[in-house]
Amino acid sequence: MSREKGKRRASEDPVASDSSESIGSGSDSPAAAAQTAKRAATAGSHEKRQLERLPCAEMYERSYMHRDLVDRVVTTKSGFILTLSADGHVKFWKKSGKGIEFVKDFRAHMGAVIACALSSDGQHFATVSTDKQIKVFDVVNFDMIGIVPIDFLPSTLCWIVDPLDQSMCIAVADSDQPAIHILDPFSTDSGPKASITSVHRQPVQLMAYNQAYKCMLSIDRGGMVEYWSLGEPHKLPPSVGFSLKSQTDLYEFKKGKYVPTSLALSPDNELFVCTSPANSTICVFRFSTGKLYRKYDESASACNAIQQSDEAGRFKMDDMEFGRRLAVENELVKAPAGRYANAVFDESSGFLLFTSLFGVKIVNLSANKVSRVLGKPEPYRFTNIALVQSTLESSSMRFDLATSKNPAARASGPEPILFCAAFRKNRFFMFTREEPDHTEQGTDRDVFNEKPTREEASLAVLAKRKKVSRSAVLRTTVGDIHLSLFPEFAPKAVENFAVHSQNGYYNGVIFHRVIKRFMIQTGDPLGDGTGGESIWKRPFEDEFTPKLRHDRPYTLSMANAGPGTNGSQFFITTVDSAPWLDDKHTIFGRVTKGADVVHAIESAKTDKGDKPFDDISIMNIQINYED
């Protein structure tokens, strides 16, 4: 891969031609066969051009913090990004070049935001919470411009255009009754302009306004989907292509007895997508006909089937890692955070992006295939996503860049960024067209942009006052191995190792796994690789840094059973370089003396399970402290 300014440009995925339009068999005439091949080549060329305008990096390039768990990410055509956290904060960020810059932070509500909505022109943003207040923001000027009090607990809201005076209004649904109230956020009159109670029989959970069809789309808690006009008598508008709901697939949720938790319209207003965490399905409908266009099953059983049958290895992962992700998936389905999972369209309306156990999938809707997967190597379960492909400032140059035959000119165009929130994380993540840079010194892809709380600062001061473990001597039945420890990069791993050593936890423990020209492993009191625990009696998190890589032999690292499962086991590498271990195993030290002892252990004869026939054990570990 080529390098540009120290960063790896992510490799493009091979794009297969769309053969879904192929007709006939091998007996087709030469002219028909040529026409079919031409259509397939055109479809493949179109897909390739569109994919060039989407992120392609497998790993996120940057992440930024909130003080609390990040629930949602919203993007605008004006180049603004809004992130919402569980403590009611709304942060404004501005797209700048190939990255983003922080602009402003609002404490919009005292609790989590129940619902939020961006106006169709991207100029205004609204949030609502259990405090029964709607906060209205001017996005371009990043300012709060209005507070609208309501006397009911809301469930959802969306921006609409009032058909009577063409003013921008907000439709808010009551969480206790099947009522939708129309409010003017810019008026001094706090009462609703209208209240609609004739459309649904149960409280409304999701709403969207299709400006092209002048039609409201709403879904209630019973799974009933309704199209209706804003004007009286709120019936089916004549702009759609059906007159009876029985001619559509809008009973899909009602019949399946599941309710979607997210709703999004495509940029061309011809499609809409719903996601449902209850059964992990993504449904895409054609708006004009109400027909189900695509349906994707991302349930645990479907993912397990893919894991078992994926011979090409595109989705297949290590069995232990897959098991860990299945466990997280089951937690997500039951957790309130599951309702934040969503799906979004790209600006061409031809690709759908949604999160899954395997990462973020980019699906070509016309070809009905997965074109790309982002974030598969990452240990996080991504939930809410938002996409920026171009901004208003870059729109004028888009055609010239897109049609240019010069690759450098196309590369200089607006950089697409996918923003993702993740389950139980107080960060949001950026996927671009460049892989993270692990070579640039002094940089970290996880940006610490929040000040520590008073409690965190106190803990940090106490930690500094503690004695710091800088080195150790690992005494074995074969000889001594001197170790240099890295508490500045892996404080928890070093503390765990030092306390265990001081307490005699490792005394008498054998090297249970030895693989020549790779590594020697120990630290399990049971001696079979299945035991051991941390000093905190629970697994502790990984501590990765681009400054420490498995780029040399005699590297001391934590053994684990997947992300965030560190206990007591550790290993020392003997191979010259092991990049596949980077960002999967915490490095907390290196051998400074006693490499001959390491090789003596490595040379021991082993059985089929890589366990030495003759036990080689740790006698004790001496920890050397610095005040």
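The structure we're discussing is the one just above.
In this report, we go over the structure that sits alongside the text. No experiment lies behind these values; they were computed from the predicted model shown.

It is worth spelling out the pattern of salt bridges at this point. Under the definition given, this model contains 22 salt bridges. Notably, a salt bridge pairs K537 with E533, separated by 3.3 Å at the nearest N-O pair. Taking relative accessible area as the criterion, K537 reaches 61% and is therefore assigned exposed. R590 is the partner of D551 in a salt bridge, and the nearest nitrogen-oxygen pair spans 3.6 Å. One end of the pair, D551, is in the loop between β34 (519-522) and β35 (555-558); the other, R590, is in strand β37 (residues 587-593), and 39 residues separate them in sequence. One salt-bridge network, held together by shared partners, links R67, K91 and E450.

A word on the pairing of strand β32 (residues 480-485). Every second residue of β32 is oriented toward a common face, the buried set being I481, L483 and L485 and the non-buried set D480, H482 and S484. With five bridges joining them, strand β31 (residues 468-476) and β32 adopt antiparallel strand pairing. When the bridges of β32 are listed, S471 appears paired with S484. Hairpin remark: β31 followed by β32, antiparallel, with three residues in the connecting loop; positive phi at G479, about 160°. Direction of pairing for β32 relative to β37: antiparallel, over a ladder of four bridges. Directly across from S484, in β37, lies its bridge partner R590.

Of all hydrophobic cores here, the largest spans 29 residues; its most connected members are I481, L483, F497 and F588. Where this core is concerned, the elements lending two or more residues are β31, β32, α8 (491-502), β35, β36 (570-573), β37, α9 (595-602) and β38 (618-626). Considering each element in turn, this core owes the most residues, four residues, to α8.

Applying the stated criterion to the full structure yields 35 aromatic pairs. With 5.8 Å between their ring centres and 55° between their planes, F92 and F137 make a pair best called tilted. Residue F92 is located in strand β6 (residues 89-96), and its partner F137 is located in strand β10 (residues 133-138); the two are separated by 45 residues in the primary sequence. The exposure class assigned to F92 is buried, which follows from its relative accessible area of 0%. Look at F125 and F137: their rings are 6.3 Å apart centre to centre, the planes differ by 40°, and that puts the pair in the tilted class. Of the two residues, F125 is situated in strand β9 (residues 124-129) and F137 in strand β10; the sequence distance between them amounts to 12 residues. In terms of burial, F125 and F137 fall into one category: buried. Among the aromatic residues, those joined into a ring-pair cluster are Y213, Y227, F242, F253, Y258, F272, F285 and F287. Here the basic side chain of R286 rests over the ring of Y293, its NZ or CZ set 4.0 Å away from the ring centre. Directly above the aromatic system of Y293 lies the positively charged group of R294, at a separation of 4.5 Å from the ring centroid.

This paragraph deals with α9. Three or four residues apart is the spacing at which side chains of an α-helix point the same way, because the helix has 3.6 residues per turn. For α9, the full list of buried residues reads V597, V598, I601 and E602. End-on, the buried residues of α9 take up no more than an arc of 145°, which puts them together on one face. Summarising the contacts, the buried residues of α9 are in contact with β31, β32, β33 (513-515), β34, β36 and β37.

The subject of this paragraph is the sheet that holds strand β28 (residues 417-422). What the four strands build is an open sheet, ordered β3-β29-β28-β27; its pairing is antiparallel. Each having just a single partner strand, β3 (62-65) and β27 (382-388) make up the two edges of the open sheet. Averaged over all neighbouring strand pairs, the angle between strand axes comes to 25°, with direction disregarded. Of the pairings in the sheet, the one linking β3 to strand β29 (residues 427-431) comprises four bridges and is antiparallel in character.

Both faces of β34 are covered, namely the face carrying M519 and Q521 and the face carrying I520 and T522. Bridge count for β33 against β34 is three bridges, and the pairing is antiparallel. Bridge pairing in β34 links V514 to I520. The loop that links β33 with its antiparallel partner β34 comprises three residues; one of these, R517, has a positive phi angle of about 60°. Two strands pair when backbone bridges link them, and β34 and β36 are joined in this way by four bridges, in the antiparallel orientation. Each residue of the ladder has a partner; that of T522, found in β36, is F570.

Relative to the helices and strands, N210 resides in strand β16 (residues 204-210). Within the structure, N210 has its side chain in polar contact with the backbone oxygen of N269 (distance 3.0 Å).

Moving on to the environment of A212. The topology assignment puts A212 in the loop between β16 and β17 (215-220). As for A212 and S239, which are separated by 27 residues in sequence, their C-alpha atoms are 9.0 Å apart.

Glycine aside, residues mostly have negative phi angles, and peptide bonds mostly take the trans form. Residues E232 and P233 are joined by a peptide bond in cis, for which omega reads 5°. Among the secondary structure elements, P233 is positioned in the loop between β18 (225-228) and α2 (252-256). Positive phi outside glycine occurs at K132, with the angle close to 60°. If you trace the backbone, K132 turns up in the loop between β9 and β10. Since its relative accessible area comes to 34%, K132 is described here as partly exposed. Its identity is not glycine, yet R517 carries a phi of approximately 60°, on the positive side. Position of R517 among the secondary structure elements: in the loop between β33 and β34.

Here is what the cut-offs are and how they apply
- Residues numbered from 1 in each chain as written.
- Predicted model: local features only at pLDDT ≥ 70, side-chain atom pairs only at ≥ 80, totals over all residues.
- Heavy atoms only, no water.
- Salt bridge = Lys/Arg side-chain N within 4 Å of Asp/Glu carboxyl O.
- Buried < 20%, exposed > 50% of the residue type's maximum accessible area, 1.4 Å probe, protein only.
- Helix = DSSP H or I, 4+ residues; strand = E, 2+ residues; numbered from the N terminus.
- Pairing = 2+ DSSP bridges.
- Core = buried A, V, L, I, M, F, W, Y, C linked by side-chain atoms within 4.5 Å.
- Phe/Tyr/Trp six-rings, centres within 6.5 Å; stacked < 30°, edge-to-face > 60°.
- Lys NZ or Arg CZ within 6 Å of the ring centre and 35° of its normal.
- Arc of directions from axis to C-beta.
- Contact = heavy atoms within 4.5 Å.
- Axes fitted to C-alpha atoms, helices over the stretch in contact; angles between N-to-C directions.
- Polar contact = N/O pair within 3.5 Å; in protein donor to acceptor, adjacent residues only side chain to side chain.

Shape descriptors only; they carry no functional weight alone.
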